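Descriptive analysis of the structure
Chain by chain, the residues:
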Amino acid sequence: MLFSDILGQKHIKAHLTKSVDHGRIPHAQLFVGPEGSGTLPMAIAYAQYILCGNSNGENTSGNSACNTKFNAIAHPDLHFAFPVTTSQKVKSKPVSSFYLEEWRKLLKEQPYGNLFDWYKFLGVDNKQGQIGVDEAQEIVKALTLKSYEGGYKVMLIWMAEKMNTACANKLLKLIEEPPDKTIFLLIAEEEEQLINTIRSRCQVLHFPPLSQDDIRDALITKYSLEIAVATKIANEANGNFNKACDLVYRDSEDIQFESWFIFWVRSAFKAKGNKSAILDLISWSEDIAKTGRETQKQFLNFCLDFFRQALLLNYKAPTLVYYQPKTEGFKLENFAPYIHGNNIMDISNELQDAIYHIERNGNSKIILTDLSIKLTRLLHKKES
């Protein structure tokens, strides 16, 4: 993977390549960045730069056979670990090595993809994946072997915050004192979800969201869009290239989420003293509960963002508002006055509590119904 193919992040590219050129490669690094910022493709390009002996800031001048293996994402000294779960293909004790074919396909088609995209690739978006203790055993086993080409070995752990406690504890000693010429590259979106003992053993590198200009230029190059269209999509993507690509094809899950959200808030607003609207909310909760837990969590995070956008518009900060509703008859400026300083924290807390309980396998129908009833009260709360 070429550094030139990775959008923006020039200062990070320069930092990583210079550290290799000067022989200063930390044995454990944590790349932290929001979805669509390029942490995964950057980590792969960095691993290629190290393993293939490339120089001058690009992956073209080193071992050509090694670079060819990386183009196929099949280098024997590059190991992957990522969240997995049982599926039609793997009935028990799932580990990443069972899903390498699907993983390579994701990297070729959606290198900026998120966890939700990955679960859709596996056909398990109704389940929650994790990096478990079986994976930790596979990692230990892989890194005890000698390097295939006699140089470095790289273990890339994507969505490292999905490591469960047993896995993290088993890897602590290995990350702190890895075998000679062994490098750990951990990638996370939510740094605070990693246990402190893992974070403290890694050199942390933070990735900012991509600039609107970088996303716009990439959309024009990749999809041959007009400048005006690409600019609009880049603004709505809010630094997330994965979302921008989805919006080009109108394949973003946000389109479905918006439909669910608008029905929800309209029903919640009407429910005060209206029994039929309460029934609508219960029916809505049942429908959402039938989707997978990852879909539910993704949707509730979308709701959080939507409420924040309404708050920003209400408080006269339109330059920070990037979301543009596509549902006919719904205008964000008409909804915004109902979201204010006297209810936003309560709404946010209730949504985050719902995400927490769903993540821990609570009954989704009860959680969502409870959340809906609370929303009917919060939407009618007056601004003090």
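It should be emphasised that the depicted structure is a prediction, and the values quoted were computed from it without experimental measurement.

A tally of regular secondary structure across the chain gives 17 helices and five strands. Its C-alpha atoms give the chain a radius of gyration of 23 Å, near enough to 21 Å, the size a compact globule of 384 residues would have. For the chain, the C-alpha atoms occupy an extent of roughly 75 × 50 × 40 Å along the three principal directions. The buried share of the chain, taken over its 384 residues, is 51%.

Glancing now at the state of the cysteines. In this structure the tally under the stated criterion is one disulfide. Between the sulfur atoms of Cys52 and its disulfide mate Cys66 the distance is 1.9 Å. Across the S-S bond of Cys52 and Cys66 the torsion is about -75°, and the bridge reads as left-handed. You can see Cys52 sitting in the loop between helix 2 (39–51) and helix 3 (64–71) and its partner Cys66 sitting in helix 3, a full 14 residues away along the chain.

In this structure, Phe31, Trp118, Leu156, Trp158 and Phe241 are the most contacted members of the largest nonpolar core, which totals 59 residues. Sort the elements by how many residues they give to this core and helix 2 lands first, with ten residues. Discounting residues that sit within four places of it in the chain, Phe241 has contacts with Leu7, Gly36, Tyr112, Leu210, Ile215, Ala218, Leu219 and Lys222.

Pairing between side chains becomes possible if they bear opposite charge and their charged atoms approach one another. Enumeration over the complete set of coordinates arrives at 18 salt bridges. The partner of Lys326 in a salt bridge is Glu236, and the shortest N-O contact between them spans 2.3 Å. Taken together, the residues Lys326 in the loop between helix 14 (293–314) and helix 15 (332–335) and Glu236 in helix 10 (residues 227–237) connect sequence positions 90 residues apart. For Lys326, a relative accessible area of 35% puts it in the partly exposed group. Of the residues examined, Glu236 reaches a relative accessible area of 5% and is grouped as buried. Of the charged contacts, one joins Glu350 and Lys374 as a salt bridge, the two residues approaching to 3.2 Å between their closest N and O atoms.

Two numbers describe how helix 12 (residues 253–270) lies on helix 17 (residues 364–379): the axes approach to 8 Å, and their chain directions differ by 65°. Here helix 12 runs over helix 17; the crossing is right-handed. Seen from helix 12, the contacting residues are Trp264, Val265, Ala268 and Phe269; seen from helix 17, they are Leu371, Ser372, Leu375, Thr376 and Leu379. Grouping the constituent residues of the contact of helix 12 with helix 17 by class yields seven nonpolar, two polar and no charged.

The rules we used
- The written sequence of each chain sets the order in which its residues are numbered from 1.
- Local features in a predicted model are, by the rule used here, given only for residues with pLDDT of at least 70; side-chain atom pairs are given and counted only at 80 or more, and totals for whole chains, interfaces and linings are based on all residues.
- The basis for the side-chain values is all heavy atoms of the structure; hydrogens and waters are excluded.
- Helix and strand assignments follow DSSP, with helices taken as H or I runs no shorter than four residues and strands as E runs no shorter than two, numbered in order from the N terminus.
- What the globule rule says is 2.2 Å times the number of residues to the power 0.38, and the radius of gyration is computed from C-alpha atoms.
- Accessible area is worked out with a 1.4 Å probe on protein chains only. A residue is then buried under 20% of its type maximum, exposed over 50%, and partly exposed in between.
- Any two cysteine sulfur atoms within 2.5 Å of one another count as a disulfide.
- Each nonpolar core is a collection of buried residues, namely Ala, Val, Leu, Ile, Met, Phe, Trp, Tyr and Cys, held together in the definition by side-chain atoms within 4.5 Å.
- In this description, contact between two residues means that some pair of their heavy atoms is separated by no more than 4.5 Å.
- One speaks of a salt bridge when a side-chain nitrogen belonging to Lys or Arg is within 4 Å of a carboxyl oxygen belonging to Asp or Glu.
- With axes taken as lines fitted to C-alpha atoms, and helix axes fitted only over the stretch in contact, angles between N-to-C directions fall between 0 and 180 degrees.
- Helix crossings are classified by the rotation of the near helix relative to the far one: an anticlockwise turn of less than a right angle makes the crossing left-handed, while a clockwise turn makes it right-handed.
- Only Asp, Glu, Lys and Arg are considered charged, only Ala, Val, Leu, Ile, Met, Phe, Trp, Tyr, Cys and Pro nonpolar, and every remaining residue, Gly among them, polar.

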